[in-house]
Amino acid sequence: QVPLVESGVCFVQPGGSLRLSCVASGSIFSINAIGWSRQAPGKQRELVAANVGGAYTNYADSVKGRFTMSRDNAKNTVYLQMNSLKPEDTAVYYCNAGAYHSGTYYPALWGRGTQVTLSS
């Protein structure tokens, strides 16, 4: 298993930008899929983005065009660049890793999460 640790600025104003980082304790090169999920208060956890084998990334409609996920295998790190942030982006953001089969992402490892709060 490869523990995942998220980090990033906690508070940001609406319309601002933020980049979250997720560092794995081991190599992520061979991991089939890595993603970011979030959970807002009172809501179900939502998959935000999933990068499959470094080849392509799927995004939730709610963040498409605003969020960009990337991975740096050499640094065992994945990033989530978030632009044009909205109050509804307030949530705990989790980094995860797992497998992607038949169009579905199955995360198996989770970080502890990092709180992102939009506040003016």
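Each remark here, short or long, concerns the structure printed above.
Predicted, not measured: the structure shown is a model, and the values here were computed from it. (Residues numbered from 1 in each chain as written. Predicted model: local features only at pLDDT ≥ 70, side-chain atom pairs only at ≥ 80, totals over all residues. Heavy atoms only, no water.)

## Some thoughts on the overall build of the protein
Link 1 in the chain: The number of helices and strands found in the protein is zero helices and 11 strands.
Link 2 in the chain: Of the regular secondary structure in the protein, the N- to C-terminal order runs β-β-β-β-β-β-β-β-β-β-β.
Link 3 in the chain: What you see for the protein is a C-alpha radius of gyration of 13 Å, in line with the 14 Å of a compact globule of 120 residues.
Link 4 in the chain: Going through the 120 residues of the protein one by one, you find that 46% of them count as buried.
Link 5 in the chain: Within the protein, contacts between residues separated by at least 24 positions form 55% of all contacts whose residues are at least 6 apart in sequence.
Link 6 in the chain: Entry remark: accessible area of the protein is about 6300 Å², with carbon and sulfur atoms responsible for 51%.
Link 7 in the chain: Mean positive and mean negative side-chain charge positions of the protein (10 and 6 charges, respectively) differ by 3 Å. (Helix = DSSP H or I, 4+ residues; strand = E, 2+ residues; numbered from the N terminus. Rg over C-alpha atoms; globule rule 2.2 N^0.38 Å. Buried < 20%, exposed > 50% of the residue type's maximum accessible area, 1.4 Å probe, protein only. Contact = heavy atoms within 4.5 Å. Areas by Shrake-Rupley, 256 points an atom, 1.4 Å probe, with all protein chains shown as cover. Lys, Arg positive; Asp, Glu negative; His and termini not counted. Charge placed at Lys NZ, Arg CZ, Asp CG, Glu CD.)

## A short note on the nonpolar core
Link 1 in the chain: Residues Leu20, Trp36, Phe67, Val78, Leu80, Met82 and Tyr93 are the most contacted members of the largest nonpolar core, which totals 28 residues.
Link 2 in the chain: In this view, Met82 contacts Gly16, Ser17, Leu18, Leu20, Arg66, Phe67, Tyr93 and Val116; residues no more than four positions away in its chain are not counted. (Core = buried A, V, L, I, M, F, W, Y, C linked by side-chain atoms within 4.5 Å.)

## Some words on the packing of aromatic side chains
Link 1 in the chain: Inspection of every chain in the model, using the stated rule, returns two aromatic pairs.
Link 2 in the chain: Centre to centre, the rings of Tyr56 and Tyr100 are 6.3 Å apart; their planes meet at 85°, and the pair counts as edge-to-face. Of this pair, Tyr56 sits in strand S6 (residues 56–59) while Tyr100 sits in strand S9 (residues 91–101); the two residues are 44 residues apart in sequence, bridging distant segments of the chain.
Link 3 in the chain: Classification of Tyr100 as buried rests on a relative accessible area of 18%.
Link 4 in the chain: Just above the ring of Trp110 sits the side chain of Arg45; from NZ or CZ to the centre is 4.5 Å. (Phe/Tyr/Trp six-rings, centres within 6.5 Å; stacked < 30°, edge-to-face > 60°. Lys NZ or Arg CZ within 6 Å of the ring centre and 35° of its normal.)

## Section: the pairing of strand S1 (residues 4–7)
Within a regular strand, side chains alternate between the sheet's two faces.
Link 1 in the chain: Only one face of S1 is covered, namely the face carrying Leu4 and Glu6; the face carrying Val5 and Ser7 is uncovered.
Link 2 in the chain: With four bridges connecting them, S1 and strand S3 (residues 18–24) associate as antiparallel partners. Note that in S3 the partner of Leu4 across the bridge is Ala24. (Pairing = 2+ DSSP bridges.)

## Some thoughts on the sheet that holds S3
Link 1 in the chain: Ordered in space as S1-S3-S8-S7, the four strands form an open sheet in which the pairing is antiparallel. Of all strands in the sheet, those bounded by a partner on one side alone are S1 and strand S7 (67–72). Neighbouring strand axes in the sheet, compared pairwise and without regard to direction, differ in orientation by 15° on average.
Link 2 in the chain: Relative to strand S8 (residues 77–82), S3 runs antiparallel, the two being bridged by six bridges. Residue Leu18 lies in a different strand from S8, and its bridge partner there is Met82. (Axes fitted to C-alpha atoms, helices over the stretch in contact; angles between N-to-C directions.)

## A closer look at unusual backbone geometry
Link 1 in the chain: Phi at Ser84 is positive, roughly 50°, even though this residue is not glycine.
Link 2 in the chain: Taking the relative accessible area as the measure of exposure, Ser84 reaches 43% and is therefore partly exposed.
Link 3 in the chain: Its identity as a non-glycine residue notwithstanding, Ser102 has a phi of 50°, on the positive side.

## Quick notes on the environment of Gly15
Link 1 in the chain: Its location among the elements puts Gly15 in the loop between strand S2 (11–12) and S3.
Link 2 in the chain: With 54 residues separating them along the chain, Gly15 and Met69 place their C-alpha atoms 18 Å apart.
Link 3 in the chain: Once you skip the residues sitting within four places of it in the chain, Gly15 turns out to touch Ser84 and Leu85.

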